[in-house]
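Residue-level structure breakdown
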Number of protein chains: 2
Amino acid sequence: MSLPRAKLIKNFPGCPVEATLTYLDGKWKGVILFHLMQGTLRFNELRRKLPAVTQRMLTKQLRELEESGLVSRTVYPVVPPRVEYAMTPLGMTLKPVIQALAAWGDDYVFCSPEGRELRLASDGLRAPAAALEA
Amino acid sequence: MSLPRAKLIKNFPGCPVEATLTYLDGKWKGVILFHLMQGTLRFNELRRKLPAVTQRMLTKQLRELEESGLVSRTVYPVVPPRVEYAMTPLGMTLKPVIQALAAWGDDYVFCSPEGRELRLASDGLRAPAAALEA
DNA sequence: GTACGTAGTACCCAAAAGGATACTGTAAAA
DNA sequence: TTTTACAGTATCCTTTTGGGTACTACGTAC
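First, a word on scope: everything that follows refers to the structure included in this document. (Residues numbered from 1 in each chain as written. Chains lettered and ligands numbered in written order. Predicted model: local features only at pLDDT ≥ 70, side-chain atom pairs only at ≥ 80, totals over all residues. Heavy atoms only, no water.)

Digging into the protein's contact with DNA strand C
Put simply, the rule reads: The nearness test applies per residue and asks whether one of its heavy atoms lies within 4 Å of the molecule or strand. Polar contact is defined as a pair of N or O atoms within 3.5 Å, subject to the rule that within protein one atom must be able to donate a hydrogen and the other to accept it, and that residues adjacent in sequence are counted only when both atoms are side-chain atoms. Working definition: helices are DSSP H or I runs of at least four residues, strands are E runs of at least two. Numbering for both runs from the N terminus. Under the scheme applied here, ten amino acids are nonpolar (Ala, Val, Leu, Ile, Met, Phe, Trp, Tyr, Cys and Pro), four are charged (Asp, Glu, Lys and Arg), and all others, including Gly, are polar.
Neighbouring DNA strand C are 22 residues; Gln55(A), Arg63(A), Arg73(A), Lys27(B) and Arg56(B) lie closest to it. The share of sugar and phosphate among atoms of DNA strand C within 4 Å of the protein is 63%. Here a phosphate oxygen of DNA strand C sits 2.8 Å away from a polar atom, N or O, in the side chain of Lys27(B). At a separation of 3.5 Å, a phosphate oxygen of DNA strand C approaches a polar side-chain atom of Trp28(B). Counting residues per element, the ones that place at least two in the surface near DNA strand C are helix H4 (43–49), helix H5 (55–68) and strand E3 (82–87) of chain A together with helix H5 (55–68) of chain B. No other element matches the 4 residues that H5(A) contributes to the surface near DNA strand C. When grouped by side-chain class, the residues that make up the surface near DNA strand C number 8 nonpolar, 6 polar and 8 charged.

This is the structure we're talking about:
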């Protein structure tokens, strides 16, 4: 039988947006994907890149990404253990999405230790990120 | 004093991605933004577009979007009440992000009543969304 | 013989998110 | 006279998420 996907999406308008967000959800998935985009990493390498996340949490998020099929986990049967995490081809298709998210964050979110703030470039004294690089 | 934003981001690599996700987080924000992108809506108009969400949840998500400055809420002092929700200029800057999310969802997420599934176009019998439209 | 690095699990707890249900007040329509 | 639409609140409850701490096994370096 054929898959009436288009019909389903018309019954749940906005579903594709929500659907994508479902896979990026979880406190650390965004950052993990961001880092893995730039290359394979071992468990503890990732851990060092995310000092704030606990071992338990990192494992959990990675398992979820693995289950979605966005990230692959390769175990080398050596001792001490060696486990490598990498983006799958499917995961790589997220690149434009991650880039869009990063670009918006760069331009409109002001990140400080006290919290986050959101504003239009024209609102404050601040120039957009592009201008800062110059 | 100048704002050392670039430095902060370098200390929290991946932060811009996470930062953006923070504002899209919440079970219904994606869909709400998706709909408001296409024009102003009254409370109950939105409600009808999202049959699955309760009144309490819709209110909560809208208040959060309002507090972020992404959505505006205009109350007309008439009876019965009339309240309109619209994207702010800041909210409108999210358009490319929402589009990227929607595009990816369209191409790689298969949405069915039983749940969601993720796959590469080449993996299954299914063609990418673009092909279906033809 | 003690400590370190590797990649995790197991167990417990607190906080946040989400959801069901019932209620409000006014005006117009049936 | 009862019902409907509007835009919510209030209260309570369940589920999910996130975090802290301790523990494992193995081999190597000190």
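Topic: the side chain of Thr20(B)
Quick reminder of the rule: Throughout this description, buried means an accessible area under 20% of the type-specific maximum (1.4 Å probe, protein chains only), exposed means over 50%, and partly exposed covers the range between. Residue contacts are counted whenever heavy atoms from the two residues lie within 4.5 Å of one another.
Its place among the elements puts Thr20(B) in helix H2 (residues 15–24). For Thr20(B), a relative accessible area of 0% translates into the label buried. In terms of polar contacts, Thr20(B) uses its side chain to reach the backbone carbonyl oxygen of Leu101(A), at 2.8 Å. Once residues within four sequence positions are removed from consideration, Thr20(B) is found in contact with Leu101(A), Trp104(A) and Gly105(A).

Comments concerning the protein's contact with DNA strand D
Close to DNA strand D lie 22 residues; Lys27(A), Arg56(A), Gln55(B), Arg63(B) and Arg73(B) are nearest. Considering the 4 Å shell around the protein, atoms of DNA strand D inside it are sugar or phosphate in 65% of instances. Within the contact set of DNA strand D, a phosphate oxygen lies 2.8 Å away from a backbone nitrogen or oxygen of Lys27(A). Elements represented by at least two residues in the surface near DNA strand D include exactly H5 of chain A together with helix H4 (43–49), H5 and strand E3 (82–87) of chain B. For the surface near DNA strand D, the leading source of residues is H5(B), giving 4 residues.

Focus on the sheet that holds E3(A)
All names here are of chain A. Filter applied, for reference: Strand pairing follows a simple DSSP-based rule, namely that at least 2 bridges must link the two strands. Between the N-to-C directions of two axes lies an angle of 0 to 180 degrees, each axis being a line fitted to C-alpha atoms and, for a helix, fitted only over the stretch in contact.
Spatial strand order, E1-E3-E2: 3 strands in an open sheet with antiparallel pairing. Taken across any chain shown, the strands that pair with only one partner, and hence form the sheet edges, are strand E1 (41–42) and strand E2 (71–76). Relative to E3, E1 runs antiparallel, the two sharing 2 bridges. Looking at E3, one finds that Leu 41 is bridged to Tyr 85. Along the sheet, helix H3 (residues 29–37) contacts E1, E2 and E3; its crossing angle with E3, the most-contacted strand, is approximately 90°. Sheet strands in contact with H5 are E2 and E3, and its direction is about 110° off that of E2.

Considerations on the sheet that holds E3(B)
All names here are of chain B. With antiparallel pairing, 3 strands are arranged side by side in an open sheet as E1-E3-E2. Each edge of the sheet is formed by a strand with only one pairing partner; in this case those strands are strand E1 (41–42) and strand E2 (71–76). The strands touched by helix H3 (residues 29–37) within the sheet are E1, E2 and E3, with E3 carrying the most contacts at an inclination of about 90°.

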